[in-house]
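# Fold and geometry: a report
Each chain, letter by letter, is given below.
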Amino acid sequence: MKIHGRDARATFAGKRDAMKRTHTCGEMRKEHEGQAVTLAGWVQNYRDHGSLLFIDLRDRFGLTQVVFDTDRPEMLKLAQEVRCEWVLQITGKVRPRPDAMVNLKMATGATEVYVDTFHVFSRSAPLPFETDEYAKVNEETRLRYRYLDLRRPQMQRNLEVRHRVIHAIRGVMNDAGFLDIETPILAKSTPEGARDYLVPSRIQHGCYYALPQSPQLFKQILMIGGCDRYYQIARCFRDEDLRSDRQPEFTQLDVEASFLSADQIMDIMEGLFVVVFADFKKMSIQKPFPRMQWRVAMLKYGKDAPDTRFEMFIADITDLAEKSGFNVFKGAIKNGGMVRGLASPGCIDYSRKDMDDLTEEAKIHGAKGLAWIKIDNEGKYVSPIVKFFQNNLLDEIKDRLGAKPGDTMMFLADQEPVVCAGLAHIRLLMGRRHGLIDDSKFSFVWIIDPPLVEWDAEGKRWTSLHHPFTSIRLQDRELLKSDPGKALAQAYDIVLNGTEVGGGSIRIHDPELQRETFGVLGIGKKEAQEKFGFLLDALEYGAPPHGGIALGLDRLAMILTGSDSIRDVIAFPKTQKAVDLMSDAPSDVSPEQLRELSIKTAIKGS
């Protein structure tokens, strides 16, 4: 019998074969009984019964129970010093567990390995939290000790799903004739939308690269270069405020194709989702997916990423509200606003405080208040504002909202963006609160025909709803000069369960139309040439009609794994303040580094 010492470096110096494991900790089955095996992994837990010591040894592939007994007293004594998260190698023989000891919850639960030899590769300091699947640990601690958090079975499964999704996507795109082509990470700053992350050049003092917010311009150049069909699993960077579904650096499936219509691009993407959901959810997703015009989504759902798993539709009652005596409604309409509402079941017994709490929810999105009218089980209207409405007018409002006895009608009166955002929030809140959303259901919808531009009241200019390279609908070309706000884009977003998982458009391939679009956006000829000159020049040399889409792989993995945050499907994510707690990035750099880059800061005397 051989008992390895505790010093891994001494024991295995020059003995590479001794470190080779024969099986993973997730492989052991009845067919392995009697075999000699070598396993390696972390100690998940241990149970010392004096004459027997049981250790659950864990690697990425699963758990195997290993047993030390009194037949080898010296080894048992050493093994009793082992603690959780120590890294071991064991060699032993696979035996069946006694019938009464079979663990049906473990794939390897019918067997165990009796240890002949073992070795400690490394020990673990006392743990800040347990790594078992059910440990309740706050996110800050998890991110600070990410190397421990990654050991949790759920994180291991999430990263495996992410890997398999990307593998499946590559197969679909390759089969469809797309080329996987890399685009630059160090690029020109062309700020549109979010802020760029800037990288100073040491060679060209005073000049900066920008990390790409997307490969948009490069993939269009690839189309002009005749590559025809391109895709990339692309890393992108945006310096923006963060939420649970956003990160400063993220991964997307980036796609561009020549000579394909919007319908053809959407069909390819639908085929991709069919494959992914068949593989990972064992679900048959039916195509084609429903398509909904942007203006319909904003009216019925209050947002352009609607959750279509449940029916609780928003309706415009501005014309009816104007006939009432309720000055809150009439004042909003007089100031150019509108009145919209929805009917929610399940809250007929809400107290006045409960309704006040809902009002506070609406105020999160800028609403000044939330008006409400309950319809009791006898069909009577109950609300402090009922006195301002005639019964026949209330009946019309009820019919417009599709309300019935037992429902509560809720209204917002304000400018359209506030009304949409507030009611969209209330709709989702009530849908979740009253069990109207089936989490086992996956509902896709394409949102099409959005406005090309929207008015920025603060900046007093038109801005792109998507990006400035999105093509206008051909029939709306004249509107670009006469009334840009009414022009619709050849754009399409794919929404799943109320989350936008991708967006794309047909691009502008006519250089004159591109310059015209820049002009509407307040980008003059000189500025356009400075920022986008290489694209404008390329468009002059025979650009094919082309379009594309980008799918957020982090968001897709989040949905497929049932995670609450994309931080649970990214190996090394940032916090909502864009900080890596584990590596302490971003951090200071030395004065020497700054001098070499010709950078002087106003902070800390640099």
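Predicted, not measured: the structure shown is a model, and the values here were computed from it. (Residues numbered from 1 in each chain as written. Predicted model: local features only at pLDDT ≥ 70, side-chain atom pairs only at ≥ 80, totals over all residues. Heavy atoms only, no water.)

## Focus: helix α13 (residues 416-433)
In plain terms, the rule: The helix count covers DSSP runs of H or I at least four residues long, the strand count covers runs of E at least two residues long, and both are numbered beginning at the N terminus. Expected helix span is computed as 1.5 Å times (number of residues minus one). Any two residues having at least one pair of non-hydrogen atoms within 4.5 Å are treated as being in contact.
For α13, built from 18 residues, the straight-helix expectation of 26 Å at 1.5 Å per residue is met to within 8% by its first-to-last C-alpha distance of 25 Å. In this structure, the buried residues of α13 make contact with α8 (294-301), β13 (338-344), α11 (352-363) and β16 (408-414). Where α13 ends, the next residue or the one after it, Gly-435, has phi of about 70 degrees, a positive value.

## Considerations on the sheet that holds strand β12 (residues 315-316)
Condition: DSSP calls a pair of strands paired once it identifies at least 2 bridges connecting them. For helices, the axis comes from a line fit to the C-alpha atoms of the stretch in contact; other axes are also lines fit to C-alpha atoms, and the angle between any two N-to-C directions lies between 0 and 180 degrees.
On the basis of which strands lie adjacent, the open sheet formed by five strands has the order β12-β13-β16-β14-β15 and antiparallel pairing. Two strands in the sheet have a free side with no partner beyond their single neighbour: β12 and β15 (381-382). Pairing analysis gives seven bridges linking β13 to β16, with the strands arranged antiparallel. Bridged to Arg-340 within β16 is Leu-412. Sheet strands touched by α11: β14 (371-375) and β16. Its angle to β16, the strand with the most contacts, is close to 35 degrees.

## Brief notes about the packing of helix α15 (residues 511-520) against helix α16 (residues 525-539)
To be explicit about the condition: By the definition adopted for this analysis, an angle is roughly parallel if under 35 degrees, roughly antiparallel if over 145, roughly perpendicular if from 65 to 115, and oblique otherwise. Should the near helix be turned counterclockwise from the far one by less than a right angle, the crossing is left-handed, whereas a clockwise turn marks it as right-handed. Each residue gets one of three labels, nonpolar for Ala, Val, Leu, Ile, Met, Phe, Trp, Tyr, Cys and Pro, charged for Asp, Glu, Lys and Arg, and polar for the others, Gly among them.
Between α15 and α16, whose axes approach to 10 Å, the crossing angle comes to 160 degrees. It follows that α15 is roughly antiparallel to α16 by the angle criterion. Relative to α16, α15 is oriented so that their crossing is right-handed. Contacts between α15 and α16 pair Pro-511, Gln-514, Arg-515 and Phe-518 from the former with Ala-528, Phe-532, Leu-536 and Leu-539 from the latter. Residue composition of the contact of α15 with α16, grouped by class: six nonpolar, one polar and one charged.

## Section: the packing of aromatic side chains
Test applied: Note on aromatic pairs: the rings of Phe, Tyr and Trp (six-membered ring only in Trp) are paired at centre separations within 6.5 Å, and the planes decide the class, stacked below 30 degrees, edge-to-face beyond 60, tilted for the rest. Relative accessibility decides the category of a residue: with a 1.4 Å probe and only protein chains considered, values under 20% of the type maximum give buried, values over 50% give exposed, and everything between is partly exposed.
In this structure the tally under the stated criterion is 19 aromatic pairs. Their ring planes at 15 degrees and their centres at 4.5 Å tell us that Phe-289 and Phe-444 sit as a pair that is stacked. One end of the pair, Phe-289, is in the loop between α7 (262-280) and β11 (291-293); the other, Phe-444, is in strand β17 (residues 444-448), and 155 residues separate them in sequence. For the residue pair Phe-289 and Phe-444, the accessibility class agrees, reading buried in each case.

## Some words on the packing of helix α5 (residues 153-175) against helix α17 (residues 553-561)
For the pair α5 and α17, interaxial distance at closest approach is 10 Å and the crossing angle is 125 degrees. By the angle class used here, α5 and α17 are oblique. The two elements α5 and α17 meet at a crossing, and its hand is right-handed. Side by side, α5 and α17 meet where Gln-154, Asn-158, Val-161, Arg-162, Val-165, Ile-166 and Ile-169 of the first sit next to Leu-553, Asp-554, Leu-556, Ala-557, Leu-560 and Thr-561 of the second.

## As for unusual backbone geometry
Cis geometry marks the peptide bond from Lys-287 to Pro-288; its omega dihedral reads 5 degrees. Inspection of the secondary structure assignment puts Pro-288 in the loop between α7 and β11. Along the chain, Ala-585 connects to Pro-586 via a cis peptide bond; the corresponding omega equals 0 degrees. Residue placement: Pro-586 occurs in the loop between α17 and α18 (591-596). Its identity as a non-glycine residue notwithstanding, Lys-282 has a phi of 50 degrees, on the positive side. Position of Lys-282 relative to the elements: it lies in the loop between α7 and β11. Classification of Lys-282 as exposed rests on a relative accessible area of 68%.

## Concerning the sheet that holds strand β5 (residues 111-122)
Backbone hydrogen bonds are what pair the strands of a sheet, in a parallel or an antiparallel way. Spatially, the five strands close up into a barrel ordered β1-β2-β3-β5-β4, and their pairing is mixed. Taken pair by pair, the neighbouring strands of this sheet meet at an average axis angle of 55 degrees, ignoring direction. By the bridge criterion, six bridges tie strand β1 (residues 36-48) to strand β2 (residues 52-59) in an arrangement that is antiparallel. The residue of β2 that forms the bridge with Tyr-46 is Ile-55.

## Examining the pattern of salt bridges
When their charged atoms lie close together, side chains carrying opposite charge are able to pair. Cut-off, in case you're wondering: In what follows, salt bridge is the name for a side-chain nitrogen of Lys or Arg lying within 4 Å of a carboxyl oxygen of Asp or Glu.
Following the criterion strictly, the structure yields 40 salt bridges and no others. Residues Asp-116 and Arg-72 are paired through a salt bridge, measuring 2.7 Å at the closest nitrogen-oxygen approach. Taken together, the positions of Asp-116 in strand β5 and Arg-72 in the loop between β3 (62-69) and α2 (73-79) put the pair 44 residues apart, joining distant regions of the chain. When its relative accessible area of 27% is taken as the criterion, Asp-116 is described as partly exposed. With its nearest N and O atoms 2.7 Å apart, the salt bridge here joins Asp-307 to Arg-309. The pair formed by Asp-307 and Arg-309 is uniform in burial state, with each residue classed as buried. Connected through salt bridges with shared partners, the residues Arg-142, Arg-146, Asp-149, Arg-152 and Asp-568 form a single ionic network.

## Remarks on the nonpolar core
Quick reminder of the rule: In these notes, a set of buried Ala, Val, Leu, Ile, Met, Phe, Trp, Tyr and Cys residues joined through side-chain atoms within 4.5 Å is what counts as a nonpolar core.
Ranked by size, the top nonpolar core spans 41 residues in total, and within it Ile-169, Met-173, Leu-253, Phe-273, Phe-277, Trp-446 and Tyr-492 carry the most contacts. For this core, the element with the most residues is α7, which contributes 10 residues. Sequence-distant contacts of Trp-446, defined by excluding residues within four places in its chain, comprise Met-266, Met-269, Glu-270, Phe-289, Pro-290, Arg-291, Met-292, Tyr-492, Asp-493, Ile-494 and Ile-549. Membership of the second largest hydrophobic core comes to 25 residues, among which are Phe-329, Ala-371, Phe-389 and Ala-403.

Geometry only, nothing functional implied.
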